Amino acid sequence: MFFALLLFVLFSYSNANFIVEEECLNYTVYPIQYELTIIPYIYKDNSYYHGDITITVIANANVREIELDAKDLDIQSGSIKVLDGSTDLVNGARPYEYDKTNGKLFIHLREPLKVYSQNNRQFYYIKMSFNKYIKEDSAGLFLVNYYEDDVKNAKSLYATRLSPNKAKFMFPCFDNPRFEAVFKFKVYILSDHPGMQYTNSSLVIAEEMKRVSSKDYTIIEYIPSPQVALHQVGFHYSQFTNKSVKGKNNDTLVIWAPGDKLYCYDYIQRFGISMIDLMHQYEGTKRPITAGSINLVAVPTNLQGYEIGSWNLLTNGANRIANLVYITSIQQIEVMRFELAQQLCRIWLGNPGEENRTRWKEEWLKEGMATYYASYFLAQKTSERYPKRLQPLGIYGLSMKHKAMEIDWPRSTPALEVFNDTLAIEIPARYKDLVTMKTGTLFWMLENWIGPEKFHNALIKYINSRRGKYISLQDFLTTLDHETVECSYQLFNGSTSSRILRSWFSQAGYPVINVRVLRDRTPNVVQLNQRRFSFRNEHHRELEYLIPISYTIQNSKNCFNCYRPRFVIGSQPYTFIENLDGGWIILNSNGSGYYRVNYDSDSWLLIAKTLVEDHQSIEEMTRSQIVNDVFALYVSGNLDMSIAMQVLAYLDKETSLAVWDSVISGYELLKLEGAACNMTKYIYWEWSDFMKQKIPTIYNGLIKNLDQQTDVRLLRNKVITFAAELEYEQCLTQLRRMYQETRRDPKRILDPDARRGCYYVLLNDTNSHLRFKKLSGIEEEDRNSVENRIRENNRFLIRIPYGEPRPLPIISSESPLSSTTPEPVPDKIVMPDASTSNLSSIIFVVASILILRLF
């Protein structure tokens, strides 16, 4: 009864929608409101701010001690008061203890607090003053030094990063991420003083209410904020200028940056507001996604992405949101687009600034939904020439899936439902991609199974119906079933959306489906069997993923069920009939399924033959998944190296961005530690040589291609970087010459999309005359990335043993794709005729003998 009364009172207090979780009620003192006055001083050598704070609290027990969190703060002696009306309850003989080591402030009272109840609406006010000294490496609130106009004009600013638990470094507080309170800010802007930097821009998480100016200072008062947790608080203090742009529904996106750099952020501002407009078009409403403006601050330091909980004060590293022609690479543009799209989707799905706030009981679900929608909106944005047609996720979906699969295979990986009671900010960093990318991929798989139009209609109908309320996993799944079940058959066989998603949310990892085709029967019999995938030789625990099956066949004229997944398989083997007419069957068509597929040898060879003869007869996204599966299956010990190379032999004809992206991510799997393939230096060198034979065609086509279309730039960036990492000699020579030309002629600009490749050459080159010129922050980001890649690759090569060369293949005059042929030379599959093939084989044998003698 007490809890119900307390909730009722808090909901009605100060016109704020207070939410008090049951867990929070277990604490003895609960904060209702923080009033924080900030007087900043920025000096060259000693910057700090003076703070006055009043915390309105209620008591949940008769306590005589209040425990607050305060770290690296200078608490002013004698300033601490706990007021009951006008009466100070602090014990005069022993007022407080400040444990600076552990960041705890204990306030001792001369009488116990009275418990808050319906009959005793008792509020207390904790008051104190403090100083916070700020340096560049300070936690929570930190100093950033930068230059404006030229290198002589040094400036400084204050910025915050309070996630997940650093608010105590900024002000005394109750550091519990589930405590929410209203914040009232008052910021002083001091007049020009000798030795002190004048600063005129102040941002907090609330809109400005009024300014009061005098000779010595200006006081900015802000309206009370919504009810927020500590990690959602933000403060920015600088001499920045701003530029605002309005969307179609009066949403406002404001960019803050140094005046001379403001133009660098025009691209991200236009992109951001277009994404917000796209969200409104998708949901079919005109409500603003949050009250007031969304401020996007370009902080000139190394910040990696946005804070999850921020909604109207977004901060990111300046280099991560600036787009400078001839300096910013297409890869960096794609990263900035995805990061902002994902953050805007978080805001759109529910934020404290909504008129009626939408809350998510399982925050991991919101994170996954935001990631899925970011990929979805990016796909629609990329295909604006078809505004009324739903565009498939394509490469954005594959990127999500491959990132998730890279980390979701170890036995120690938790299931998604493990995070049911975990706040988004509390999810360990090593599982961030698991939560965001895997959940997003599972929605993509479900979209393909249900059908895009039906799935999106059901999804947005549900989200709109829950605006201003709680969204829970159970409620979401129940509603999804109601909107998407097509017939009673789905109910009786258990293949509903909720059952499928539950099977993936409640279990870790993902499966590999083994496909066996019985070709001695007409029509053919196809047997499917699933088990959990792992890159290591370990016991595969039986799990029951409910897998929506989609497939296509080579000879589709008489296909029973090719174009949409109509059945679901579980833990038991599944058998069905299909008219293959001597051709192949390929599962996971379009690659949206969160699983890998391994075929029998005959099927793999048929697929390899088709890829060589007419690779475009297999759809692009399906090819992308095949090549990535081939690498993964080889590394996991499930596919022979010779078959893997035969399937990949066609790559010298491949020009698809999605496929090469899948090849590059698959090739990285070869470096996985402890993999079942027992990688050795000889085997890795053989793979490297194999890929060097596949890269020239696509590389030579792209190095001369000046097309600035996004897809072409992305492909060029990925292929050139990959060729440099493979140490493809022609690439190294051209990149070395390219860099030398830019050094000799200052007017020549290094192609930003080839920059990482050039840096790879420079960092590995022994020629002393090749030196780095002074780099911008954007260029430095690429250099650091390349240095990390080189270190990782060197550690990999040191770690693996030398091993021994594989036995030389037996040369046969028969077709290399015949299932009865002995192990073929990997590249022989793409040779134009037998004479050329035999000559190449002889050269290969001679070269191998010479290499063996050298070793």
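Residues numbered from 1 in each chain as written. Predicted model: local features only at pLDDT ≥ 70, side-chain atom pairs only at ≥ 80, totals over all residues. Heavy atoms only, no water.

In the nomenclature of an unreviewed UniProt entry, the protein is known as Aminopeptidase N-13 of Bombyx mori. What the UniProt record of the protein gives under Sequence similarities (unreviewed entry) is the line "Belongs to the peptidase M1 family." (UniProt positions renumbered as here; feature names shortened; annotations may be inferred.)

Hey, could you run me through the pairing of strand 10 (residues 141–147) in this one?
The side chains of a regular strand alternate between both faces of the sheet. The buried fraction of strand 10 is high, at five of seven residues. Note: strand 10 against strand 11 (residues 154–160), seven bridges, orientation antiparallel. Within the sheet, the bridge partner assigned to Tyr146 lies in strand 11 and is Lys155. (Buried < 20%, exposed > 50% of the residue type's maximum accessible area, 1.4 Å probe, protein only. Helix = DSSP H or I, 4+ residues; strand = E, 2+ residues; numbered from the N terminus. Pairing = 2+ DSSP bridges.)

For this particular structure, what's the right way to read the packing of helix 13 (residues 601–614) against helix 15 (residues 641–648)?
When two helices pack together, you describe them by how their axes are tilted relative to each other and by the distance separating the axes. At a closest axis distance of 8 Å, the pairing of helix 13 and helix 15 adopts a crossing angle of 30°. Put simply, helix 13 runs roughly parallel to helix 15. Facing helix 13, whose interface residues are Ser601, Trp604, Leu605, Ala608 and Leu611, helix 15 presents Ile643, Gln646 and Val647. Broken down by class, the residue content of the contact of helix 13 with helix 15 amounts to six nonpolar, two polar and no charged. (Axes fitted to C-alpha atoms, helices over the stretch in contact; angles between N-to-C directions. Parallel < 35°, antiparallel > 145°, perpendicular 65-115°, else oblique. Contact = heavy atoms within 4.5 Å. Nonpolar A, V, L, I, M, F, W, Y, C, P; charged D, E, K, R; others polar.)

Can you walk me through the pattern of salt bridges in this structure?
For the structure shown, the criterion picks out 37 salt bridges. Where Lys155 meets Glu148, a salt bridge forms, and the shortest distance between an N and an O atom there is 3.1 Å. Each of the two residues, Lys155 as well as Glu148, counts as buried. Notably, a salt bridge pairs Glu208 with Arg211, separated by 2.7 Å at the nearest N-O pair. Residues joined in a network through salt bridges with shared partners are Glu283, Arg287, Glu354 and Arg467. (Salt bridge = Lys/Arg side-chain N within 4 Å of Asp/Glu carboxyl O.)

What is the right way to read the nonpolar core from this model?
A general feature of soluble globular proteins is that nonpolar side chains tend to end up buried together. Counting 245 residues, the largest nonpolar core has Ile107, Phe171, Tyr373 and Trp687 as the members making the most contacts within it. Setting aside residues no more than four positions away along its own chain, Phe171 makes contact with Tyr34, Leu36, Tyr49, Ile53, Asp69, Leu73, Phe130, Phe183 and Leu230. The next biggest cluster of nonpolar side chains, apart from the first, holds 13 residues, and it includes Tyr146, Phe240, Val254 and Val297. (Core = buried A, V, L, I, M, F, W, Y, C linked by side-chain atoms within 4.5 Å.)

What's the story with the environment of Pro511 in this structure? I'm lost.
By secondary structure assignment, the location of Pro511 is in strand 24 (residues 511–518). Judged by relative accessible area, which is 0%, Pro511 ranks as buried. Spatially, the C-alpha atoms of Pro511 and Tyr545 are 7.5 Å apart, while their sequence positions differ by 34 residues. For Pro511, the contacting residues outside a window of four places in its chain are Trp504, Gln530, Arg531, Arg532, Phe533, Tyr545, Ile547, Tyr594, Tyr595 and Arg596.

Mind showing me how you'd approach the sheet that holds strand 18 (residues 241–246) here?
Paired through backbone hydrogen bonds, the strands of a sheet run either parallel or antiparallel to each other. Ordered in space as 18-19-20-21, the four strands form an open sheet in which the pairing is mixed. The strands lining the two open edges of the sheet, one partner per strand, are strand 18 and strand 21 (313–317). Between one strand and the next, the sheet's axes are offset by a mean angle of 20°, whatever the strand orientation. Summarising the sheet, strand 20 (residues 294–299) and strand 21 pair through five bridges and their orientation is parallel. What sits directly across from Ala298, in strand 21, is Asn316.

Would you take a moment to explain the sheet that holds strand 31 (residues 596–599) for this structure?
Here four strands make up an open sheet; going across it, the order is 29-25-24-31 and the pairing mixed. Since the sheet does not close on itself, it has two edges, and those belong to strand 29 (574–578) and strand 31, each with one partner. Strand-to-strand twist in this sheet, taken as the mean axis angle between neighbours without regard to direction, amounts to 25°. Summarising the sheet, strand 24 and strand 31 pair through four bridges and their orientation is parallel. Bridge assignment links Ile513 to a residue of strand 31, and that residue is Val597.

How should I be thinking about a nonpolar patch on the surface in this particular structure?
Nonpolar side chains collect at one region of the surface, where Val325, Tyr326 and Ile749 lie side by side and expose about 360 Å² of accessible area between them. Counting through the fold element by element, Val325 comes out in the loop between helix 4 (318–321) and helix 5 (330–348). (Patch = residues over 30% accessible without salt bridge, like charges linked within 9 Å, V, L, I, M, F, W, Y side chains within 5 Å. Areas by Shrake-Rupley, 256 points an atom, 1.4 Å probe, with all protein chains shown as cover.)

Looking at this structure, how should I read the side chain of Gln122?
When you line up the elements, Gln122 lands in the loop between strand 8 (104–108) and strand 9 (124–134). Excluding residues within four positions of it along the chain, Gln122 makes contact with Val57, Ile58, Asp84, Lys114 and Tyr116.

Explain unusual backbone geometry here, please?
Most peptide bonds take the trans form, and the phi angle of most residues other than glycine is negative. The peptide bond linking Ser163 to Pro164 adopts the cis configuration, its omega dihedral lying at -10°. Assignment of secondary structure puts Pro164 in the loop between strand 11 and strand 12 (180–190). In this chain, Thr522 is followed by Pro523 through a cis amide linkage whose omega measures -5°. Considering the arrangement of structural elements, one finds Pro523 in the loop between strand 24 and strand 25 (524–532). For Asn590, which is not glycine, the phi dihedral falls at a positive 75°. The residue Asn590 is located in the loop between strand 30 (585–587) and strand 31 in this model.

Any chance you could explain the packing of aromatic side chains here in plain terms?
We describe a pair of aromatic rings using the distance from one ring centre to the other and the angle between the two ring planes. With the rule as written, the count across this model stands at 50 aromatic pairs. Summarising the aromatic geometry, the rings of Tyr188 and Tyr217 are spaced 5.1 Å apart at their centres and angled 55° between planes, so their arrangement reads as tilted. Within this pair, whereas Tyr188 is found in strand 12, its partner Tyr217 is found in strand 15 (residues 217–222), the two being separated by 29 residues in sequence. On the basis of relative accessible area, Tyr188 is assigned to the buried category, the value being 17%. When the ring of Trp504 is compared with that of Tyr545, the centres are 4.8 Å apart and the planes differ by 35°; the resulting orientation is tilted. Of this pair, Trp504 sits in helix 12 (residues 497–505) while Tyr545 is found in the loop between strand 25 and strand 26 (547–549), placing the two residues 41 residues apart along the sequence. Tyr545 carries the same exposure label as Trp504, and that label is buried. In this arrangement the basic side chain of Arg467 is found over the ring face of Trp348, its NZ or CZ atom lying 5.5 Å from the centre. Positioned above the aromatic ring of Tyr802, the side-chain terminus of Lys681 is 4.8 Å from the ring centre. (Phe/Tyr/Trp six-rings, centres within 6.5 Å; stacked < 30°, edge-to-face > 60°. Lys NZ or Arg CZ within 6 Å of the ring centre and 35° of its normal.)

Where do I start with the packing of helix 7 (residues 395–407) against helix 8 (residues 432–450) in this structure?
With their axes 8 Å apart at the nearest point, helix 7 and helix 8 run at an angle of 130° to one another. Taken together, helix 7 and helix 8 sit at an angle that is classed as oblique. Here helix 7 runs over helix 8; the crossing is left-handed. For the pair formed by helix 7 and helix 8, the contact residues are Gly397, Leu398, Met400, Lys401, Lys403, Ala404 and Ile407 on the first element and Asp433, Leu434, Met437, Lys438, Gly440, Thr441 and Trp444 on the second. In terms of residue class, the contact of helix 7 with helix 8 is made up of seven nonpolar, three polar and four charged. (Left-handed = near helix turned anticlockwise from the far one by under 90°.)

What should I look at first to understand the confidence of the model for the protein in this one?
Low pLDDT means the predicted coordinates in that region are not meant to be read closely. This prediction gives the protein a mean pLDDT of 87; 87% of its residues lie at or above 70. Put simply, helix 1 (residues 2–12) is where the protein has its lowest mean pLDDT, 39, and strand 20 is where it has its highest, 98. Here residues 1–26 is a poorly scored stretch, pLDDT under 50, and it has 44 contacts once near neighbours within four places are set aside; other chains count. Low pLDDT, under 50, characterises residues 815–855; the stretch is placed with 58 contacts to residues that sit more than four places away or in other chains. (pLDDT = per-residue confidence, 0-100.)

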